Amino acid sequence: MCIRDRLEGELEHDSDISSIYLCLMQQNNRNGEVLQIKHLNITPESLALATGDSLEPSEAIVKELVRSGENEYLEKIREISNHCEFAKEVVALANKKGGTILIGVSDNGEVLGVRNYELEQSIRDIITSHCDPPTVKFKILPVEVTGHLVYIVRVWEANDKPIFEKHKGCYV
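All values derive from a computational prediction rather than experimental measurement. (Residues numbered from 1 in each chain as written. Predicted model: local features only at pLDDT ≥ 70, side-chain atom pairs only at ≥ 80, totals over all residues. Heavy atoms only, no water.)

*Asks:* Describe in detail the overall build of the protein, supporting the description with residues and values.
*Replies:* Secondary structure assignment for the protein yields five helices and nine strands. A buried classification covers 34% of the 172 residues belonging to the protein. Considering only residue pairs separated by 6 or more positions, the protein has 61% of its internal contacts joining residues 24 or more positions apart. Split by element, the accessible area of the protein, about 10900 Å² in all, is 49% carbon and sulfur. (Helix = DSSP H or I, 4+ residues; strand = E, 2+ residues; numbered from the N terminus. Buried < 20%, exposed > 50% of the residue type's maximum accessible area, 1.4 Å probe, protein only. Contact = heavy atoms within 4.5 Å. Areas by Shrake-Rupley, 256 points an atom, 1.4 Å probe, with all protein chains shown as cover.)

Written out as structure tokens, the structure is:
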């Protein structure tokens, strides 16, 4: 029985799925030898956070994001020191497929937290005043991680592309 048939059979009979295991295999084309296998555990909670459907992300899920590397969907910033630069990150995510910005986290994954507890309104102001048109859909989620406050800014893909940063132009 092939793996796909086995999985489809299990999915038909099990309606209470608690996680999905994704197996990535790298195969040597010459002799079919499997060179590398990676297992990824994707829980419904982490999937919901990644797609922006989760209202209350758990500390464990945020720690998972903190440990993962930056990519075209995930940006980590220590603090918002330059409004235009932050807006540029938002614009780039909105012009692609959307993504997540973690504020209060270093590039190497150290949770530092934010110093400004009034940051949520500042984030809203920056996005609405620096993005043109100001129609970027986003959600701000404050969460405590290892005793530090971290802000998650979830940015959805824009419907009316391209989005511009008013002072610096278009970014993707």
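Right, picking up where we left off after that structure.
*Asks:* Pulling in residues and values, what's your account of the pattern of salt bridges?
*Replies:* Summed over the entire model, instances satisfying the criterion amount to five salt bridges. A salt bridge links Glu85 to Lys88, with the nearest nitrogen and oxygen atoms 3.1 Å apart. Taken together, the positions of Glu85 and Lys88, both in helix H4 (residues 83–95) and three residues apart, correspond to about one turn of that helix. Given a relative accessible area of 29%, Glu85 falls into the partly exposed group. A salt bridge links Glu120 to Arg124, with the shortest nitrogen-to-oxygen separation between them at 3.1 Å. (Salt bridge = Lys/Arg side-chain N within 4 Å of Asp/Glu carboxyl O.)

*Asks:* Can you explain the packing of aromatic side chains? Please cite residues and give values.
*Replies:* Scanning all chains against the criterion turns up zero aromatic pairs. Geometry around Trp156 places Lys137 over its ring, the cationic atom sitting 4.8 Å from the centre. (Phe/Tyr/Trp six-rings, centres within 6.5 Å; stacked < 30°, edge-to-face > 60°. Lys NZ or Arg CZ within 6 Å of the ring centre and 35° of its normal.)

*Asks:* Help me get a handle on helix H5 (residues 119–130), residues and values and all.
*Replies:* The terminal C-alpha atoms of H5 lie 16 Å apart, and with twelve residues this matches the ideal 16 Å at 1.5 Å per residue to within 8%. Tucked inside the fold, the buried residues of H5 contact H4, strand S4 (98–103), strand S5 (131–132), strand S6 (138–145), strand S7 (148–156) and strand S8 (164–165). (Expected span 1.5 Å × (residues − 1).)

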